[in-house]
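# Per-entry structural report
Each chain, letter by letter, is given below.
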Amino acid sequence: RIKPRDKVWDSIYSGTLRNIKRHFLSYDLNNVCYLTGGHKYGDKHKEVYDDLHKNQTNQFTLVNQKLDRHHMPIFYNLSKVGLCLSKAEGAMYSSMEYLLCGLPIVSTKSIGGRDEFFTDKNCIFAKDNSKSVKDCVDKWLNNYPSLKERYEIREDAIRMQKTHTKVLKNKIKE
């Protein structure tokens, strides 16, 4: 098992380098890992890539390659806090992946559904500025959930998924 002292990154942001992901809100963070999914969007979003390299002045790791689904949990389990910073998008798969790995989350308010699974035990909401994001990450780091609490984050996410699946199955039956 990976213990908190074995973790490599303070926070992780899994999201393609696109403007909607608002990576700039993480630029005050130190020791963050960016999982970007490679060059899926080509040069179209090169300015976001360039902006990250120009403005993220603290220590960071950029994993700018496509990873298969079996490797994602390795990066999550080597990180302490998951980041969700977009203002509007769908469910955001990585938010659920964070929860299933027992990671607490720092999120900004958003529309689109990702916060459906966020509770006061697994998420702190930041304002739409980098100082607030840093303060919220620091809050988690200074009061990091125990292994038992991280297991509960995971189990709560699974329980909530089952509830949603049941509702969906009932709607399909109708």
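See the structure shown above.
Residues numbered from 1 in each chain as written. Predicted model: local features only at pLDDT ≥ 70, side-chain atom pairs only at ≥ 80, totals over all residues. Heavy atoms only, no water.

## Re the nonpolar core
The following threshold applies: Side-chain atoms within 4.5 Å are what join buried Ala, Val, Leu, Ile, Met, Phe, Trp, Tyr and Cys residues into a set we call a nonpolar core. Relative accessibility under 20% of the residue-type maximum defines a buried residue, over 50% an exposed one, and the middle range a partly exposed one, all with a 1.4 Å probe and only protein chains included. The contact rule is simple, with two residues in contact once any of their heavy atoms fall within 4.5 Å.
In this structure, L35, L83 and V106 are the most contacted members of the largest nonpolar core, which totals 42 residues. In contact with L35, other than residues within four places in its own chain, are I12, Y13, S14, G15, V63, L67, M72, F75 and Y76.

## A look at the sheet that holds strand β6 (residues 123-126)
For sheets, the rule is that strands pair by backbone hydrogen bonds, running either parallel or antiparallel. To be explicit about the condition: Pairing between strands requires that DSSP locate at least two bridges from one strand to the other. Each helix is a run of DSSP H or I of at least 4 residues and each strand a run of E of at least 2, with the numbering of both proceeding from the N terminus. Comment: axis = line fitted to C-alpha atoms, over the contacting stretch for helices; angle = value between 0 and 180 degrees taken between N-to-C directions.
Pairing within the open sheet is parallel, and its six strands lie in the order β3-β2-β1-β4-β5-β6. In this open sheet, the two edge strands, each paired with only one partner strand, are β3 (60-63) and β6. Shown here is a sheet whose adjacent strand axes are inclined to one another by a mean of 25 degrees, direction ignored. Note that strand β5 (residues 105-108) and β6 share four bridges and pair parallel. From the neighbouring strand, T108 faces β6, where its bridge partner is A126.

## Some points on the packing of aromatic side chains
The relative placement of two aromatic rings is captured by the distance of their centres and the angle of their planes. Just so we agree on the cut-off: In this analysis, rings of Phe, Tyr and Trp, with Trp reduced to its six-membered ring, are considered paired at centre separations within 6.5 Å, and the interplanar angle assigns stacked below 30 degrees, edge-to-face beyond 60, and tilted for intermediate values. A positively charged side chain is recorded as over a ring if its NZ (Lys) or CZ (Arg) lies within 6 Å of the ring centre. The angle to the ring normal must also be within 35 degrees.
This structure, assessed with the given rule, holds four aromatic pairs. Relative to F75, the ring of W9 lies with its centre 5.9 Å away and its plane at 20 degrees, an arrangement referred to as stacked. Taken together, the residues W9 in strand β1 (residues 9-14) and F75 in helix α2 (residues 72-77) connect sequence positions 66 residues apart. Arranged with centres 5.2 Å apart and planes meeting at 85 degrees, the rings of Y76 and Y98 form a pair that is edge-to-face. Taken as a pair, Y76 in helix α2 and Y98 in helix α3 (residues 93-100) lie far apart in primary sequence, 22 residues in all. For Y76, a relative accessible area of 1% corresponds to the buried category. Its end group placed over the ring of F125, K109 keeps NZ or CZ at 4.1 Å from the ring centre.

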